[in-house]
Amino acid sequence: MNRTLSQALQQRAERFFPGGVNSPVRAFGAVGGDPPFIERAEGAYLYDVDGNRYIDCFGSWGPMILGHAFPPVVEAIERAARNSPSFGASTAAEADLAERITACYPAIQKMRFVSSGTEATMSAIRLARAVSGRKLIVKFEGCYHGHADGLLVKAGSGVATFGIPGSAGVPDEIAHLTIALPYNDLAAVEAAFAAHPDAIAAIIIEPIVGNAGCIPPADGYLSGLRDLTAQHGALLIVDEVMTGFRVALGGACEAFKLDPDLMTLGKIVGGGLPVGVFGGKRKFMDQLAPLGPVYQAGTLSGNPLAMAAGLATISYLQEHAREVYARLEAATKAVAGGVAAEAARADLQVTTNRVGSMWTWFFTPGPVLNYEQAARSDTAAFGRFHRAMLHEGVWLPPSQFEVAFMSYAHTDADVEATVAAARSAFAA
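Since this is a predicted model, take the numbers as computed values, not measurements.

Observations regarding the packing of aromatic side chains
And step 1. Scanning the entire structure with this criterion turns up 16 aromatic pairs.
And step 2. Summarising the aromatic geometry, the rings of Phe28 and Trp395 are spaced 6.2 Å apart at their centres and angled 80 degrees between planes, so their arrangement reads as edge-to-face. Here Trp395 lies in strand E13 (residues 394-395) and Phe28 lies in the loop between helix H1 (4-13) and strand E1 (38-42), a separation of 367 residues in the sequence.
And step 3. Taking relative accessible area as the criterion, Phe28 reaches 6% and is therefore assigned buried.
And step 4. The interplanar angle of 55 degrees and the centroid separation of 6.1 Å between the aromatic rings of Tyr316 and Tyr408 together place this pair among those described as tilted. You can see Tyr316 sitting in helix H11 (residues 304-319) and its partner Tyr408 sitting in the loop between strand E14 (404-405) and helix H15 (412-427), a full 92 residues away along the chain.
And step 5. Since its relative accessible area comes to 7%, Tyr408 is described here as buried.
And step 6. Through pairs of rings, three or more aromatic residues link up here, namely Trp359, Trp361, Phe363, Phe382, Phe385 and Phe426.

Considering the environment of Glu119
And step 1. Among the secondary structure elements, Glu119 is positioned in helix H4 (residues 117-132).
And step 2. In sequence terms Glu119 and Thr379 are 260 residues apart; their C-alpha atoms lie 31 Å from each other.
And step 3. Residues contacting Glu119, with those up to four places away along its chain left out, are Val114 and Ala297.

Cut-offs used in this document
- Residues numbered from 1 in each chain as written.
- Predicted model: local features only at pLDDT ≥ 70, side-chain atom pairs only at ≥ 80, totals over all residues.
- Heavy atoms only, no water.
- Phe/Tyr/Trp six-rings, centres within 6.5 Å; stacked < 30°, edge-to-face > 60°.
- Helix = DSSP H or I, 4+ residues; strand = E, 2+ residues; numbered from the N terminus.
- Buried < 20%, exposed > 50% of the residue type's maximum accessible area, 1.4 Å probe, protein only.
- Contact = heavy atoms within 4.5 Å.

In structure tokens:
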């Protein structure tokens, strides 16, 4: 597969950007090979500058649940752009989208739009500290909540991909305010509350880990966290930047019957444009300025193009929920299971974790219930698999520790082609 122009563009990019990328997760250092440069995308496919087509199995890292260039979304952006791409003032579209979101997430009584998931989680934690009067935050190993200083302690995603335990530039004084615990271990959380009585402001969690690969919660784990935070006067922050609208219309909160104090959303909410949301119970959210003493701001928050794209996306999901989520479930089950079967035929040790339309093939015999077990994966074997799949025209996320996604645009033929590509990859 020729990628001559992509290679030239990568060399040019390296003159301007560290590593030639504007986000480390786009780099192919963990899997090897040359990253294609994309020219356009449509439906389930990416097209690079060299004319190659790829079946897209990462969907811009999650938001393209309806597929690329979904006509209602494109049309909504075009209409909004004609009126100016930014005002820095309030628009009706902000409340229109908020109304759609609250209909799906009863735990969100009030919210704020921001421009990224990092902003959303950072702001939710500031609010939790303010209303609780406490400083410590509990997070879980392998969970990534953006790149705010205190949240890079034992984070997953790109941090795990590059083998970085945290990040240079984060002062010890800030890192010490974060307690990182193993996921799916309630006893560790109980011990943390016992060791730090009346000091933990909040627990923040990815309800389904998506940044150490896909790791679902054990039975009773999330409800146990809810009980512990209530018992000890701490807030529960559920980070659904990745899972929101992805695993169900009401996200993981719907799937696991969870009622958090605060939560964050992103990715799908923006319909492909940069958007984050943090929201929750009214009594907490009303502590934000201008009503309360907790300051949070964003000059371009509620950007009209992002609101238009999000409104078109969420409206379609609400109005066609049965059809969309049934197709996502069937297609993802078929592709995840089909490739796992090919791995077994090739006598390879691969564990498949899947929740809805997000999944990971871990190159380890498993099971994978937490980050420590995920980290035992054979990353070199995954790298070979990734390169072979890309050669066969299937683009997976370039890290063992990133989740793959399906979209509503993927057809049965795309599923069959992906499984066939894996067959060839394992035989190579």
